[in-house]
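In case you want the letters, here they are:
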Amino acid sequence: QSALTQPASVSGSPGQSITFSCTGTSSDVGNYNLVSWYQQYPGKAPKVMIFEVIKRPSGVSNRFSGSKSGNTASLTISGLQAEDEAYYYCCSYARSNTFVFGGGTKLTVL
Amino acid sequence: VHLVESGGDLVKPGGSLRVSCAASGFTFSNAWMSWVRQSPGKGLEWVGRIKRDTDGGTADYAEPVNGRFTISRDDSKDTLYLQMNSLKAEDTAVYFCATGGASYFGAWGQGTLVTVSS
């Protein structure tokens, strides 16, 4: 199972909106509404930000939103803040009862 | 929810190691549980999951570890295990346990480092 494709890095200024892409195939992202997104600071454990494509866990800011079109899922952060600077990973359920992660995107807040 | 991994160590290639994850703050026996690893400086990689007993208690694994790793649980001790055999250098990683495994991974531990090197 190949990893989902994410851009290595993105950057934005405070207050901007930024969107991360996560491209898979019809065997994972395109076939299941089971895409989740994780935020990870260096040396720390990941934290779920979005699950089942669009759902936000309690306690996660409503500045974070998710969507999906075909084989590509997206995470959007609106009103970018300095504290959002971190790595972001997408993950999808895949066939044969497995999960696959993306390679991760480093967000830099300028 | 609190998850604490332990047991990480330096192991020689071909060796074995068992890491544990002690859970608290939730009803462990009702939870599906998972292991996710992260090689130094790299991204996250799903290792496997185990269902709760009422859903069959079976485990599923990623292809790179299938046949070498075994996930088990002891609901009487609120503890998750990962038995790793025939370890390879590419298994070197921080191993995280996490709640969930049906659709996403909710709570995560801080991880335990496993280094495979001669």
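What counts and how
Residues numbered from 1 in each chain as written. Chains lettered and ligands numbered in written order. Predicted model: local features only at pLDDT ≥ 70, side-chain atom pairs only at ≥ 80, totals over all residues. Heavy atoms only, no water. Disulfide = S-S within 2.5 Å. Buried < 20%, exposed > 50% of the residue type's maximum accessible area, 1.4 Å probe, protein only. Contact = heavy atoms within 4.5 Å. Buried area = accessible area lost by both parts, 1.4 Å probe. Polar contact = N/O pair within 3.5 Å; in protein donor to acceptor, adjacent residues only side chain to side chain. Helix = DSSP H or I, 4+ residues; strand = E, 2+ residues; numbered from the N terminus. Pairing = 2+ DSSP bridges. Axes fitted to C-alpha atoms, helices over the stretch in contact; angles between N-to-C directions.

Moving on, we get to the state of the cysteines. Residues and elements named next belong to chain A. One pass over the structure, following the stated rule, counts two disulfides over all chains. Free cysteine cysteine 91: the closest other cysteine sulfur is in cysteine 90, separated by 7.6 Å. In this structure cysteine 91 comes out as buried when scored by relative accessible area, which is 1%.

Time to look at the interface of chain A and chain B. Of the residues lining the interface, 19 residues belong to chain A; the matching set on chain B comes to 19 residues. Roughly 1,500 Å² is buried in total at the junction of chain A and chain B, and carbon and sulfur atoms are behind 65% of that figure. A per-residue breakdown of the area chain A buries against chain B is headed by Pro46, Phe99 and Phe101 of chain A, which together make up 38% of the total. Applying the counting rule to chain A against chain B returns five residue pairs in polar contact (both at pLDDT 80 or more). Looking at the side of chain A that touches chain B, the elements with two or more residues in it are strand 3 (35–40), strand 7 (87–94) and strand 8 (98–101) of chain A.

This paragraph deals with the environment of alanine 22 of chain B. Residue and element names in this part refer to chain B. By secondary structure assignment, the location of alanine 22 is in strand 3 (residues 17–24). Sequence separation between alanine 22 and lysine 77 is 55 residues, and the spatial gap between their C-alpha atoms is 8.0 Å. Look past the residues within four positions of alanine 22 in its chain and what remains in contact with it is His2, Leu3, Val4, Asp78 and Thr79.

Strand pairing in a sheet relies on backbone hydrogen bonds. The paired strands run either parallel or antiparallel. All names here are of chain A. Here we have three strands laid out as an open sheet, ordered 2-6-5, and antiparallel in their pairing. A single partner strand is all that each edge strand has here, and the edge strands are strand 2 (18–23) and strand 5 (64–69). The sheet shows a mean angle of 20° between the axes of neighbouring strands, direction not considered. Bridge count between strand 2 and strand 6 (residues 72–77): six bridges; the pairing is antiparallel. Across the sheet, serine 21 pairs through a bridge with serine 74, a residue of strand 6.

Turning our attention to the sheet that holds strand 1 (residues 2–6) of chain B. Residue and element names in this part refer to chain B. In space, the four strands of this open sheet follow the order 1-3-8-7, with antiparallel pairing throughout. Lying at the two open borders of the sheet, with one neighbouring strand each, are strand 1 and strand 7 (69–74). When the angles between neighbouring strand axes are averaged without regard to direction, this sheet yields 15°. Here six bridges tie strand 7 to strand 8 (residues 79–84), and the two strands are oriented antiparallel to one another. Across the sheet, residue threonine 70 finds its bridge partner in strand 8, namely glutamine 83.

For the rest of this paragraph, the subject is the pairing of strand 7 of chain A. Residues and elements named next belong to chain A. With respect to burial, strand 7 is a largely interior element, seven of its eight residues being buried. Pairing of strand 3 with strand 7 involves six bridges; the strand directions are antiparallel. Within the sheet, the bridge partner assigned to glutamine 40 lies in strand 7 and is tyrosine 87. As judged from the four bridges shared by strand 7 and strand 8, these two strands associate in the antiparallel manner. Bridge assignment links serine 92 to a residue of strand 8, and that residue is valine 100.

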